[in-house]
Amino acid sequence: MVTVDRPVVVGLDNGGNSTNATVLDASGRFLVDRLVETPSRVLEGPAAAVEAMVTAMDTALTLTGVPREQVLAVGLDTPGPASADGVISSKGSTNFSQPPWRGYDIRTALADRIGLPVVYNNDGNAAALYAHHVHFGADAERHSSISAIVGTGLGGGVVESGRVVRGAAGMAGELGHVHIPLHGLLAEGQPIPTCRCGFIGDVESVTSLTAIERNLLPYWLSRYPDHPLAAEPPRVAAKLVRTYGEQGDPLARRVFDQQAMALGRLFTIAANFTDPSVFFVGGGVVEAAPEFREWFLGRIREHTLLRTEQAAASHFALVPDLDMAGARGSAIAALATLPR
């Protein structure tokens with residue numbers, strides 16, 4: 001147990017099954033060095049979920065020996081879409097699909113419950129902020145970065161001068177829904193990919209676990225009909241593709257080559273908008289065996305078209321500690337709002 005007698009902030013990363021919590025002191029030191037997860041209870045509705053967040057906060061504080069009276073602010077992140085102020089979309093959200101959640105102001109509800117300021121980000125932005133600050137440390141405010149995190153969807157965020165770019169409606173950095181050129185990316189006869197959001201040919205429609213299941217794997221199995229994955233249910237097969245990719249399987253490598261090309265094209269677009277110092281990549285696809293990870297990152301670099309000056313001034317890196325990145329990024333966002 002680490003006991004402190006100075007002010008702290010708490011970071012809460014709210015997910016569909018659990019909420020991860022961390023504690024950050026005023027000097028920028030995290031007092032929790034591992035995952036501290038409690039059930040999120042989001043399926044029980046807003047009231048139960050807010051109480052579960054309070055439980056998550058108190059659990060982390062107990063582990064660190066910090067009384068709640070020393071907490072100055074709380075950072076909260078959830079999967080989007082939601083407004084910049086933490087109002088869940090009127091159509092629901094990734095983890096908040098039931099009617100009571102639609103249009104629900106989750107940030108204000110938590111703030112009213114605990115009597116403290118609550119700073120909101122979506123989970124991709126929080127992870128991007130953490131990656132940026134870990135990478136640059138004390139120089140974070142002098143740099144910009146863009147993060148793409150491959151998961152069930154394609155998350156991430158844009159950080160400029162050490163702060164998340166939010167946008168007018170809080171939806172800046174929705175990188176998964178950026179449209180990319182498909183010429184040369186799709187194979188002969190391959191259908192144009194569709195996204196769950198309704199877009200056609202955006203990054204998430206190619207680069208996500210959902211994209212593998214819905215768009216990529218059905219096509220490639222038609223080209224490799226005797227592949228063992230053809231005997232698996234689509235969702236199971238999609239999750240197994242990475243294992244085959246690590247083994248150098250031709251079908252799996254074709255799938256991930258398309259994903260790498262899509263990320264490279266996204267970063268090419270980003271380079272002309274934000275000209276970042278670092279391009280971060282995160283998610284299960286880069287938490288794989290070293291040979292596969294380096295091959296995948298190499299393919300992304302190859303398809304990221306930078307000017308000579310940009311290539312000299314920027315580099316690629318991995319999002320660190322992804323399981324803890326959301327909560328830690330949320331805590332960093334909360335700390336940044338406090339008077340210095």
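One structure accompanies this document, and this report is about it. For clarity, every value in this text was computed on a predicted model and none was experimentally measured.

Reading guide: rules and limits
Residues numbered from 1 in each chain as written. Predicted model: local features only at pLDDT ≥ 70, side-chain atom pairs only at ≥ 80, totals over all residues. Heavy atoms only, no water. Pairing = 2+ DSSP bridges. Helix = DSSP H or I, 4+ residues; strand = E, 2+ residues; numbered from the N terminus. Axes fitted to C-alpha atoms, helices over the stretch in contact; angles between N-to-C directions. Contact = heavy atoms within 4.5 Å. Salt bridge = Lys/Arg side-chain N within 4 Å of Asp/Glu carboxyl O. Buried < 20%, exposed > 50% of the residue type's maximum accessible area, 1.4 Å probe, protein only. Parallel < 35°, antiparallel > 145°, perpendicular 65-115°, else oblique. Left-handed = near helix turned anticlockwise from the far one by under 90°. Nonpolar A, V, L, I, M, F, W, Y, C, P; charged D, E, K, R; others polar. 1 Å grid on protein atoms, 1.4 Å probe; cavity = no way out; pocket = protein on both sides within 12 Å on 5 of 7 lines; lining within 4 Å. Points joined across faces, edges and corners; volume = space filled by probe spheres on them.

### What about the sheet that holds strand β1 (residues 8–14)?
The 5 strands are arranged β3-β2-β1-β4-β5 in an open sheet whose pairing can be described as mixed. A strand with exactly one partner marks an edge of an open sheet, and here the two such strands are β3 (37–39) and β5 (118–122). Taken over all neighbouring pairs, the strand axes of this sheet differ in orientation by 25 degrees on average, direction set aside. The sheet contact formed by strand β2 (residues 18–25) and β3 spans 3 bridges and is antiparallel. Counted as the bridge partner of Ser-18 is Pro-39 from β3. Strands in contact with helix α1 (residues 46–64) are β1, β2, β3 and β4 (71–78); relative to β2, the strand with the most contacts, it is inclined by about 45 degrees.

### A short note on the pattern of salt bridges
This model, assessed by the stated rule, comprises 12 salt bridges. The partner of Asp-25 in a salt bridge is Arg-6, with the nearest N and O atoms 2.9 Å apart. Remark: Arg-6 occurs in the segment before β1 and Asp-25 occurs in strand β2; sequence separation between them is 19 residues. Take Arg-6: its relative accessible area is 32%, and that puts it in the partly exposed class.

### What about the packing of α1 against helix α2 (residues 106–114)?
Packing of α1 against α2 leaves a shortest axis separation of 10 Å and a crossing angle of 60 degrees. Regarding the angle of α1 to α2, the classification is oblique. At the point where α1 passes α2, the crossing takes the right-handed sense. Of the residues in α2, those in contact with Val-50, Glu-51, Met-53, Val-54 and Met-57 of α1 are Ile-106, Ala-109, Leu-110, Arg-113 and Ile-114. When the residues that make up the contact of α1 with α2 are grouped by side-chain class, the tally is 8 nonpolar, no polar and 2 charged.

### Examining empty space enclosed by the protein
Under the defined criterion, the tally for this structure stands at 2 cavities of 30 Å³ or more. Roughly 60 Å³ of internal volume is contained in the largest cavity. In terms of lining, the largest cavity is formed by Ala-82, Ser-83, Ala-84, Tyr-120, Asn-121, Asn-122, Asn-125, Arg-166 and Gly-170. If one sorts the elements of the lining of the largest cavity by residue count, β5 sits on top with 3 residues. For the lining of the largest cavity, a count of residues per class yields 3 nonpolar, 5 polar and 1 charged. In this structure, the second largest cavity spans a volume of roughly 40 Å³. Thr-194, Cys-195, Arg-196, Glu-204, Ser-205, Ser-208, Thr-210, Ala-211, Arg-214 and Asn-215 are the residues that line the second largest cavity. Grouping the constituent residues of the lining of the second largest cavity by class yields 2 nonpolar, 5 polar and 3 charged.

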